[in-house]
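Read off the chains here:
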Amino acid sequence: MLIAAILTLAVGTYTMRLGGVLLRDRLELSDPLQRLLPMAAASLLAALATTAALTEGAGFAGIARPAGVAMGALLAWRRAPFVVVVVAAAATAALLRLTGIE
């Protein structure tokens, strides 16, 4: 079942990408809409990341995961190397879980 869902989403994604390429010359967007589309994509990505960081299943993921994500976001904002961001975020979440804070 999971493989079927993944394949369906993959086909849908590539179909939308192909549609964008094929319709580029046939569809004309207004200037305000062209300026809005990148912001809409960024807000959708932020919403997906927030949902993944804060929830597990149907409930709240606990404190450790959002704290790790916040640490990673802070280090990424400060332009730390990618490896440092990932290791610090994982270490933050792991240390909080080790101390019993979930």
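Below is a short write-up of the structure. In this text, all values refer to a predicted model and were calculated from it rather than measured experimentally.

1. Re helix α4 (residues 82-98)
Logical step 1: Between the first and last C-alpha of α4 there are 24 Å, a value that for 17 residues agrees with the 24 Å anticipated at 1.5 Å per step.
Logical step 2: Considered for burial, the residues of α4 that qualify are Val85, Ala88, Ala89, Thr92 and Ala93. Down the axis, α4 shows its buried residues gathered within 125° of arc, on one side only. α4 presents Val83, Val87, Leu95 and Leu98 as exposed residues on the side facing more than 90 degrees away from its buried surface.
Logical step 3: Elements that come into contact with the buried residues of α4 comprise α3 (64-77).
Logical step 4: Phi turns positive one or two residues past the end of α4, at Gly100, with a value near 95°.

2. A few points about the pattern of salt bridges
Logical step 1: Under the counting rule described, the total for this entry stands at one salt bridge.
Logical step 2: We note a salt bridge from Arg65 to Glu56, for which the minimum N-O separation is 3.0 Å.
Logical step 3: Look at Glu56 and you get partly exposed, because its relative accessible area is 49%.

3. Considering the packing of α3 against α4
Logical step 1: Between α3 and α4, the shortest axis-to-axis distance is 8 Å and the interhelical angle comes to 155°. Taken together, the axis directions place α3 and α4 in an arrangement best described as roughly antiparallel. As α3 runs across α4, the sense of the crossing is right-handed. Contacts between α3 and α4 involve Ala64, Arg65, Ala67, Gly68, Met71, Gly72, Leu75 and Ala76 from the first element and Val84, Val85, Ala88, Ala89, Thr92, Ala93, Leu96 and Arg97 from the second.
Logical step 2: Residues belonging to the contact of α3 with α4 are distributed by class as follows: 11 nonpolar, three polar and two charged.

4. Points about the environment of Ile101
Logical step 1: Considering the arrangement of structural elements, one finds Ile101 in the segment after α4.
Logical step 2: Note on Ile101: relative accessible area 40%, which makes it partly exposed.
Logical step 3: Sequence separation between Ile101 and Ala64 is 37 residues, and the spatial gap between their C-alpha atoms is 6.5 Å.
Logical step 4: Those residues in contact with Ile101 that lie beyond four places of it in its chain are Ile63, Ala64 and Leu96.

The rules behind these values
- Residues numbered from 1 in each chain as written.
- Predicted model: local features only at pLDDT ≥ 70, side-chain atom pairs only at ≥ 80, totals over all residues.
- Heavy atoms only, no water.
- Helix = DSSP H or I, 4+ residues; strand = E, 2+ residues; numbered from the N terminus.
- Expected span 1.5 Å × (residues − 1).
- Buried < 20%, exposed > 50% of the residue type's maximum accessible area, 1.4 Å probe, protein only.
- Arc of directions from axis to C-beta.
- Contact = heavy atoms within 4.5 Å.
- Salt bridge = Lys/Arg side-chain N within 4 Å of Asp/Glu carboxyl O.
- Axes fitted to C-alpha atoms, helices over the stretch in contact; angles between N-to-C directions.
- Parallel < 35°, antiparallel > 145°, perpendicular 65-115°, else oblique.
- Left-handed = near helix turned anticlockwise from the far one by under 90°.
- Nonpolar A, V, L, I, M, F, W, Y, C, P; charged D, E, K, R; others polar.

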